[in-house]
Amino acid sequence: MKAININELSKIYNSKRNNVVEALKGLSLSVDPGEVFGFLGPNGAGKSTTIKCLMGLVCPTSGSATIMGEPIGSVASRVKAGFLPENPAFYDYLTAGEYLHFVGKTFGMPDNLLSRCIDEALKLLELWEARKRPMRGYSKGMVQRVGIAQTLIHDPELYIFDEPMSGLDPIGRALVKEIILDLKKRGKTVFFSTHITDDVEKVCDRVGVLVKGRLMALDSVENIMRSGIEGYVVQTRLAAGSHDSLNSFIVLRRNEIFIEYLVPTERFTEFMALVTQNSVEVTLIETKRKDLEAFFLDIVNKQTN
Ligand SMILES: Nc1ncnc2c1ncn2[C@@H]1O[C@H](COP(=O)(O)OP(=O)(O)OP(=O)(O)O)[C@@H](O)[C@H]1O
């Protein structure tokens, strides 16, 4: 069974002024149990619409989807996921502790288990000190952390986060990445949207790139990173061996001690053979690769040009 299975999902918004927006155009996608999946896309790509469809908050125009085998829109599917909306807003006269208690009760959790889970979530999200203060006094980052805490309370198998790093400072972002990695270690599934590629590179197994309502790429982060290898930066010691045979390679840097060459992937074997024949000493080899941001921008630019 797939944790998420999306089949030809489309969504057309019809606004009052007769504006028609085709937000999703036949999206098909599945996420395996235990996978961390990054849903990338520029502003307006349809990420939130997809997530809202999954959580039963908007009705797809056509297509279908399941969450842990349950059809979207059903109570059973909703219970099986912890959901963080984009820009969460809470009853701000409640304290974080009171709000988490309310959430746990809606999932029918017994009092003793609930109070233990609330304490754990408040400590994990670094909200313990503020737990007795009404949320109206919370900073944006604290509200976002309450949003993540409320997804953890009933310990679901699947987590659906819409822009979980939004509004967080670097410390808060690192904390959320740690939480996602910890969920993965515990065999949970995480599906999250973002446009920050750095977040994806560090925590995701696979990514999908959505542009204008269509899935334009779907691959493992490992494959993307491997396919992005453009060559190698090879550092050699200037004093050792004869460097003349290497003069067809681009020199990136040179000082009194080292020469650094840029070696394209297809010429790497040739370079290493020349180095050995001429007794040149190699001191460092680094991979030169396109990062995930370049991969993402290539796809988006191809679609918009
Ligand atoms: N309720 C709505 N009524 C009309 N159009 C909408 C509605 N909600 C979203 N849209 C439009 O649907 C498209 C997709 O929006 P969506 O919010 O899903 O994108 P997104 O990828 O989540 O963007 P962002 O990263 O900016 O949050 C956009 O063109 C948006 O203006």
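Residues numbered from 1 in each chain as written. Predicted model: local features only at pLDDT ≥ 70, side-chain atom pairs only at ≥ 80, totals over all residues.

## Describing helix α4 (residues 111-124)
In this model, α4 (14 residues) spans 20 Å end to end at C-alpha, consistent with the 20 Å of a helix rising 1.5 Å per residue. Residues of α4 that are buried include every one of Cys117, Ile118, Ala121 and Leu122, and no others. Each buried residue of α4 sits inside an arc of 130 degrees when the element is viewed along its axis, so together they form one side. When the buried face of α4 is taken as reference, the exposed residues oriented beyond 90 degrees from it are Asn112 and Arg116. Check the buried side of α4 and you find it contacts α3 (96-106) and α5 (140-152). (Helix = DSSP H or I, 4+ residues; strand = E, 2+ residues; numbered from the N terminus. Expected span 1.5 Å × (residues − 1). Buried ≥ 20, exposed ≤ 12 C-beta atoms within 10 Å, placed from the backbone. Arc of directions from axis to C-beta. Contact = placed C-beta atoms within 7 Å.)

## Quick word on the site of the ligand
Near the ligand lie 14 residues; those nearest to it are Tyr13, Ala23, Asn43, Ser48 and Thr49. Contributing elements (two or more residues each) for the shell around the ligand: β2 (20-31) and α1 (47-54). By residue number, the principal contributor to the shell around the ligand is α1, which donates three residues. (Near = placed C-beta within 6 Å.)

## Describing the packing of α3 against α5
Where α3 meets α5, the closest approach of the two axes is 9 Å, and the angle between their N-to-C directions is 30 degrees. Crossing angle aside, the handedness with which α3 passes α5 is right-handed. Counted together, Ala96, Tyr99, Leu100 and Val103 of α3 and Val146, Ala149 and Gln150 of α5 form the full contact between these two elements. (Axes fitted to C-alpha atoms, helices over the stretch in contact; angles between N-to-C directions. Left-handed = near helix turned anticlockwise from the far one by under 90°.)

## Some points on the UniProt feature "domain: ABC transporter" (unreviewed entry) in the chain
Look at the UniProt record and you will see "domain: ABC transporter" (unreviewed entry) annotated at residues 4-237. Annotation note: span residues 4-237, helix share 35%, strand share 31%, distance between end C-alpha atoms 53 Å. (UniProt positions renumbered as here; feature names shortened; annotations may be inferred.)

## So, the pairing of strand β11 (residues 229-237)
Strand direction decides the pairing type here: β11 and strand β14 (residues 282-289), joined by seven bridges, are antiparallel. Counterpart to Gln235 in the pairing with β14 is Leu284. Sheet topology note: the β11/strand β13 (residues 258-264) ladder contains seven bridges and is antiparallel. Bridged to Val234 within β13 is Tyr261. (Pairing = 2+ DSSP bridges.)

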